[in-house]
Amino acid sequence: MSFVKNTPLRWGIIILCMALGTWLGIFLQSFSATGAIFANFVDFTFDLREIDIAMISFGMLFGLKINIATIFGAVIGILVTR
């Protein structure tokens, strides 16, 4: 029996668990005993600091970090929403 029947809420819970897992993995990277286990295996950043087009100036940054705790968070999120 599912605790969450609303589909957008399900995805929100899964993404929240993934974000918490990523945060936990980044926290555990700071310790020497767990740093190698929780190292990021995807670390992608797309950074345009400033784009200046005559009358408009804007910038954009996109970053993605995935570690083993992110995967654990996704699995926990899926199990919670089932």
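Predicted, not measured: the structure shown is a model, and the values here were computed from it.

The rules behind the values
- Residues numbered from 1 in each chain as written.
- Predicted model: local features only at pLDDT ≥ 70, side-chain atom pairs only at ≥ 80, totals over all residues.
- Heavy atoms only, no water.
- Helix = DSSP H or I, 4+ residues; strand = E, 2+ residues; numbered from the N terminus.
- Rg over C-alpha atoms; globule rule 2.2 N^0.38 Å.
- Buried < 20%, exposed > 50% of the residue type's maximum accessible area, 1.4 Å probe, protein only.
- Contact = heavy atoms within 4.5 Å.
- Areas by Shrake-Rupley, 256 points an atom, 1.4 Å probe, with all protein chains shown as cover.
- Lys, Arg positive; Asp, Glu negative; His and termini not counted.
- Charge placed at Lys NZ, Arg CZ, Asp CG, Glu CD.
- Expected span 1.5 Å × (residues − 1).
- Arc of directions from axis to C-beta.

This next bit is on the overall build of the protein chain. Broken down by element type, the protein chain carries 2 helices and 2 strands. Since a compact globule built from 82 residues should have a radius of gyration of about 12 Å, the 17 Å found for the protein chain marks it as more spread out than a globular shape. Projected onto the principal axes, the alpha-carbon positions of the protein chain cover approximately 55 × 40 × 15 Å. Counting the 82 residues in the protein chain, one finds 21% classified as buried. Put simply, of all contacts in the protein chain between residues at least 6 apart along the chain, 55% involve residues at least 24 apart. Accessible area of the protein chain: about 6400 Å², with a carbon and sulfur share of 73%. Charge centroids of the protein chain, computed over 5 positive and 4 negative side chains, lie 27 Å from each other.

This part is about helix H1 (residues 7-28). Under the 1.5 Å per step criterion, the end-to-end length of H1 is 32 Å for 22 residues, consistent within 8% with the ideal 32 Å. Within H1 the residues assigned to the buried category are Ile 14, Cys 17, Gly 21, Thr 22, Gly 25 and Leu 28. Within H1, the buried residues cover an arc of 140° as seen down the axis, which keeps them to one side. Exposed residues on H1 whose side chains face more than 90 degrees from its buried face are Pro 8, Ile 15, Leu 16 and Trp 23. Structurally, H1 contributes buried residues whose contacts are with strand S2 (56-66) and helix H2 (68-81).

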